[in-house]
Amino acid sequence: MTSPGRISPAGLKAYLRANSWELQSKPLPRVEIWERDSHEVLVPLNSEASDYPRRICNFIEDIANESGLAEEDIARELQYIEDDVIDLRFEDDRPFVPLSDATKMLNGAREFAIANACSALQRRSYHGRSRPLQARKHAQTVGMGHTLRGSFIIPIVSPIGVMKPVIIEGEQEPLIDVESERNYFPRRVTGMMADVLRQLHELVVERGELPSRDELRRAVYGGLSADACFALAAMVSAPETGDLDIAFRWALTSAPPRVGGDALEFPKQSVGAIQEIAHILRDEVKISDKVIYGFVSSLDRDPDDDEGVVKVKALIAGRVRPVKMTLGPDAYHVAIEANDLKLRVVVTGSLYESGTGRYAMPRVDLFRIDDYLPLEVANRF
């Protein structure tokens, strides 16, 4: 059974909310009462209490009695409530797989996580040995979950905990918190992994022909890299027989990303095309873009102009800095939407610092809403 101490009160409440339980208005010390139909369940709120593990066991027992499910099934559902999970699944008729195949799969998953962590920090067609420390450390955060019976399934687990919403009072400008930005990194990486897999599925499996160089350049701006392609090819080719199926389970303690996350299947015959794209990205497409995440802080465009000047407040080298850039009509429209709704944006391009400490992006290759994070801003008027 799941270790009770690992499940936080926020995770318990997220599970209940996702399964149509409702919080009773009557407050009680140290516990909350949730109800569904005529049933009630207590949620312990102090995870440091000595009896917290026992109360979690009682919670699981109560849910099992109400739902008719086995306690082991409830515990399994609770296991990754606060984690994003990518399930790597492949069919194989053998009763076991050789360790060499399993090693290929796990090494491929590790390299794929690192490649996308690199792309979350800097867009490059090929990262090679240029791997930032933060990206390499991310591979120590992501882990393999308990294997599942049936087919060969490896859950790749990325803990994210609870993403607290940013509350904006009226016209107040959103604030960037350094610690929160660090906490967003695992979700951004997992979201990028889902998006990169979607891109590759469209480019390789759905179309059945190699994409053009321009298409690959646009895909790199979206996070694709040769490193990610090599890693995916290793995973797809790992089993002797069978295709690789990939499914996503997003943490219930936060809203899922607004894009990506559909189940995908990579047939074994797609390995060659994925590897060829990897070689093209490594040898022929040369891109190296800086990436910033932040909020639009100012907009300036003359009525007769197509382009407009935008400033984005972003975290750079541990400090919040305004970055000035000029955007075309489509990107400027996105900036207006992001500013009106107070949504985070992600921008890639050439980042320069002047002698006076001011930052600018004279070339912007991608400007979009930060779709990997939930709609975390709640406006109050």
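Residues numbered from 1 in each chain as written. Predicted model: local features only at pLDDT ≥ 70, side-chain atom pairs only at ≥ 80, totals over all residues. Heavy atoms only, no water.

J.: I keep staring at the environment of Lys286 and nothing clicks. Help me out?
T.: Structurally, the position occupied by Lys286 is in the loop between helix H9 (271-283) and strand S11 (288-300). Taking relative accessible area as the criterion, Lys286 reaches 59% and is therefore assigned exposed. For the pair Lys286 and Leu264, spaced 22 residues apart in the sequence, the C-alpha separation amounts to 28 Å. Those residues in contact with Lys286, other than ones at most four positions away along the chain, are Ser125 and Arg217. There is a polar contact of 2.9 Å between the side chain of Lys286 and the backbone oxygen of Arg282. (Helix = DSSP H or I, 4+ residues; strand = E, 2+ residues; numbered from the N terminus. Buried < 20%, exposed > 50% of the residue type's maximum accessible area, 1.4 Å probe, protein only. Contact = heavy atoms within 4.5 Å. Polar contact = N/O pair within 3.5 Å; in protein donor to acceptor, adjacent residues only side chain to side chain.)

J.: It is not clear to me how the packing of helix H8 (residues 226-237) against H9 should be interpreted in this structure. Could you clarify?
T.: Any two packed helices are characterised by the angle at which their axes cross and by the distance between the axes. In the contact formed by H8 and H9, the axes pass within 8 Å of each other and the chain directions differ by 160°. By the angle class used here, H8 and H9 are roughly antiparallel. H8 and H9 meet at a crossing whose hand is left-handed. Within the contact between the two elements, H8 uses Ala226, Cys229, Phe230, Leu232, Ala233, Val236 and Ser237 and H9 uses Val271, Ile274, Gln275, Ile277, Ala278, His279, Leu281 and Arg282. Split into classes, the residues belonging to the contact of H8 with H9 amount to eleven nonpolar, three polar and one charged. (Axes fitted to C-alpha atoms, helices over the stretch in contact; angles between N-to-C directions. Parallel < 35°, antiparallel > 145°, perpendicular 65-115°, else oblique. Left-handed = near helix turned anticlockwise from the far one by under 90°. Nonpolar A, V, L, I, M, F, W, Y, C, P; charged D, E, K, R; others polar.)

J.: I keep staring at empty space enclosed by the protein and nothing clicks. Help me out?
T.: Here the idea is plain: a probe the size of a water molecule rolls over the atoms and shows the empty space left. All told, the structure shown has two cavities of 30 Å³ or more when counted by the stated rule. The calculated volume of the largest cavity comes to roughly 70 Å³. Ile86, Leu88, Ala109, Phe112, Ile156, Met193, Leu197, Met235 and Ile246 together form the lining of the largest cavity. Secondary-structure elements contributing two or more residues to the lining of the largest cavity are strand S4 (83-90), helix H4 (99-121) and helix H6 (178-206). In this structure, the second largest cavity is lined by Asp84, Ile86, His138, Val142, Ile156, Ser158, Thr190 and Met193. Residues of the lining of the second largest cavity, tallied by class, amount to four nonpolar, three polar and one charged. (1 Å grid on protein atoms, 1.4 Å probe; cavity = no way out; pocket = protein on both sides within 12 Å on 5 of 7 lines; lining within 4 Å. Points joined across faces, edges and corners; volume = space filled by probe spheres on them.)

J.: Please clarify how the pairing of S4 should be interpreted in this entry.
T.: Regular strands place their side chains on alternate faces of the sheet. With seven of eight residues buried, S4 lies mostly within the body of the structure. Here S4 pairs with strand S7 (residues 152-159) via eight bridges, running antiparallel. Each residue of the ladder has a partner; that of Ile86, found in S7, is Ile156. (Pairing = 2+ DSSP bridges.)

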